[in-house]
Every structure is written in structure tokens, then in C-alpha cells.
Amino acid sequence: MSLSSTAIRNGAALLVSAALVVAAGCSSAPEAPPPAAAAGYPVTLTHKLGTTTIPATPKRIVVLGEVDQDALLALGITPVGMPRSKEHPSGITPWAKAKLNGAAPELLTAGDSGFDPEQVLKLQPDLVLANTDYYLEKYYARLSAFVPTTAFELGAYQDGWQAVTRQVGKAVGKGAEADKLVDGTESALAKTRADNPALQGKRATMAQAAGAGKLYALREPKDPAGVQLGAFGLRIPESLQALPGNFAAELSAEQYDKLDVDLLLINYDGSADNEREVESNPLFRNLRVVKAGGRISLDGLAFHALRTPTPGNIPWLITEVLPKLRKAVGS
């Protein structure tokens, strides 16, 4: 919403309020109280980039992060704009599509430096949910100057899906529903662990091909992907955790032996050349995990869902990916 339209609306609201006061003075009925803000508003959220105050129930919401998006949809609210999924031809993941009920929000494409704030503002949002927008710091000041904009509490891509869901719930006036959504999702994961004892404690990692036989292997248990593997009862072995790298360790073909875990979930980034280069290498073919059937090839959609767990895709992961894990351990 532009500043000029905001001023017009505020002026109109003052005129309406004045008319109500005059009418009340001319009537013998008891004086009516002034219109009240929606229960629970204004809401102020504190995060790493400052504070965000949401004055009233938002009506036009734009989401710039997948976890924010799926939490909002799970709470029964449809945004006017949301990120385009790179992992699905339609630009919308199947779990998000199931919650849209035919609605068609504007799909926003992130570039190498994130989203274009001007494209976001053109949608005239009264709230931007951006906790899981990795590049938010580049344009947070621009967005927040015109519209309440949320941000991460710990750091870019560091807040767990539980924290993001609760933040979204508070922002849209559905804090209790958000707590219930988190509890229900965690209960489903707990049941999954109880129902699959063969998976518990298995050494696992995720790896993605990057060309020239290079693989990036997940090494950080606190990364969202590591947390999700742990939610299934799997664990990243200490040998991988000890490798250098941020959340992932870069491995050349000579280091494929570092991948000899119980379950290896691998993605080739949609490249047949990447797949052929890795799979044809004797150093890879002779890994025990490959010979024992513990290597699981995942398409981009499944791999990314594990990489970015949300309250929307976790039920999908339980239905679509868990059976592959069970089969790989022979259960």
C-alpha cells in the first residue's frame, strides 16, 4: 500500500468517526463506544532485524519464505503473493496446492539476490512474512518502511519450522492455532519414530551433486535438514560432523568413503551427466551403503522438502519419503 492511499484511508476513517459521534449526540440512545481494534492487535514481534508492529488483522499478506508460506496456508489463510517453487513445474508444491483450494496467488520469483521489493510492494500488502527469506537483509529496510515485515529471530535460515509457525500465528492473530499445528506435527513425527524402530540411530546424510564428480554432504545436525533427519530417528555420524564446511562438506571423488553411512539420500540436481559421473565411479559403486541398498535417489522436490521442512510438507514427507527409508533398511 502506498503512503498516499494510506493517508486517504486514514482521513476517511476520521470523517466516519466524526459522523458517528455527531449522530450519537443527537440520539436519546446510550452513546456507543468507539470502534475497537480486532482482539489481540496491535501485535509487536521482536526479531534480529528489529521489531515489527502489526496494527490490525492483515488482509493482504505476501510471503517470501517457504516455511512462512506453508504455515500460513496450514492456518487457513491464503496469501496474495508467495514464492514460486523451483522444484515443481507449476511453481507450486503439491502440499501448498492442496491448501489453496483453487486460489491463484501471484507467484514471485527470487533472483540471485532474493526478491525484488518493488514487485512485492505492487501487491499492496498489509503484511509481509519473510522469516525464511535468506536474502531479506538486503531489502528489509525498503519493505519495512512501507509495510510491516517479519524477519528471522536467530539468523537467516536458522529458525526452526516450529518457531516460524508460531511467529506466523502471532502475526495473523492465530497464536493458539499455530501452537496446535506445531504440537500436532510433532506428535505425527513422534508416532513415526515409534512405528519405525529399524530407522532409529541409523547413520545418515544427504548429498547433492555439483558437477565434475563433486558432492556436497550434509554435516550439521542443527541445520533444518539435519533436524528433520533426526526427527525420523536418523543421525549424522561424527565422522561427517568433523569435516570442514558450513552446513555441508565438499567432497571430491577421492573422498567418497566419507559417505559410507547406513542411509545416503542423494540428489543429482536434475542432471543426467551428474548422475552418470557419480554412479559410474568405482569409488562410489563400491561403497557399502551402495552395495547394501542404502543409497536412495531423490528428485528435487523430495530433496528440497527434507532440506526445508515445514508444517505443510512434513506430512508429505511421511507419506512419500518415509517408505523409501523403510525399504532401504529392510523394514
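Report follows, based on the coordinates. Please read all numbers here as calculations on a predicted model, not as lab measurements.

## Overview of the environment of Val172
Part 1: Secondary-structure assignment places Val172 in the loop between helix 6 (161-171) and helix 7 (175-195).
Part 2: The spacing of Val172 and Pro58 is 114 residues in sequence and 6.5 Å in space, taken between C-alpha atoms.

## Overview of the pairing of strand 1 (residues 43-47)
Part 1: Judged by which residues are buried, strand 1 turns out to be one-sided: Val43, Leu45 and His47 face inward and are buried, whereas Thr44 and Thr46, on the alternate face, are not.
Part 2: Pairing of strand 1 with strand 2 (residues 50-54) involves five bridges; the strand directions are antiparallel. Bridge pairing links Thr44 to Thr53 in strand 2.
Part 3: Hairpin connection from strand 1 to strand 2: two residues lie between these consecutive antiparallel strands.

## Focus on the side chain of Thr185
Part 1: Looking at the secondary structure, you find Thr185 in helix 7.
Part 2: Assessed through its relative accessible area of 7%, Thr185 is described here as buried.
Part 3: If near-sequence neighbours (up to four positions away) are discounted, Thr185 is found in contact with Trp161, Pro311 and Ile314.

## Comments concerning the pairing of strand 8 (residues 215-218)
Part 1: Pairing geometry for strand 7 (residues 204-209) and strand 8, over three bridges, is antiparallel. By the bridge assignment, Gln208 is partnered in strand 8 with Tyr216.
Part 2: Linking strand 7 back to strand 8 in an antiparallel pair, the connection comprises five residues, with Gly211 at a positive phi of about 90°.
Part 3: Across four bridges, the pairing between strand 8 and strand 9 (residues 248-251) is antiparallel. Residue pairing in the sheet places Ala217 in a bridge with Ala249 of strand 9.

## As for the packing of aromatic side chains
Part 1: For the structure on display, the rule yields three aromatic pairs.
Part 2: Each ring, one from Trp95 and one from Trp316, has its centre 4.9 Å from the other, and the planes form 55°; the classification is tilted. One end of the pair, Trp95, is in helix 3 (residues 94-100); the other, Trp316, is in helix 14 (residues 314-320), with 221 residues separating them in the sequence. Considered together, Trp95 and Trp316 belong to a single accessibility category, that of buried residues.
Part 3: The ring centre of Phe247 lies 4.1 Å from the NZ or CZ of Arg307, which sits over that ring.

## Let's talk about the sheet that holds strand 10 (residues 263-267)
Part 1: In space, the five strands of this open sheet follow the order 9-8-7-10-11, with mixed pairing throughout. The open sheet has two edge strands, strand 9 and strand 11 (295-297), and neither has a second partner. In this sheet, adjacent strand axes meet at a mean angle of 25° when their direction is disregarded.

Conventions we followed
- Here the residue index of a chain counts from 1 through its sequence in written order.
- In keeping with the model being predicted, local features are shown solely for residues with a pLDDT of at least 70 and side-chain atom pairs are shown and tallied solely at 80 or more, while totals for entire chains, interfaces and linings include all residues.
- Hydrogens and waters are ignored; side-chain quantities use all the structure's heavy atoms.
- Secondary structure elements are taken from DSSP: a helix is a run of H or I of four residues or more, a strand is a run of E of two residues or more, and numbering for both begins at the N terminus.
- Between buried and exposed lies partly exposed: a residue is buried under 20% and exposed over 50% of the maximum accessible area for its type, with that area taken using a 1.4 Å probe on protein chains only.
- By definition, two strands form a pair when at least two bridges between them are found by DSSP.
- The contact criterion used throughout is that any non-hydrogen atoms of two residues lie within 4.5 Å.
- Centre distance within 6.5 Å is the pairing criterion for rings of Phe, Tyr and Trp, where only the six-membered ring of Trp is used; planes under 30 degrees apart are then read as stacked, over 60 as edge-to-face, and the remainder as tilted.
- For a ring to carry a charge above it, either NZ of a lysine or CZ of an arginine must fall within 6 Å of the ring centroid while also lying within 35 degrees of the normal to the ring plane.
- Angles shown run from 0 to 180 degrees and are taken between the N-to-C directions of axes, each axis being a line fitted to C-alpha atoms and, for helices, limited to the stretch in contact.

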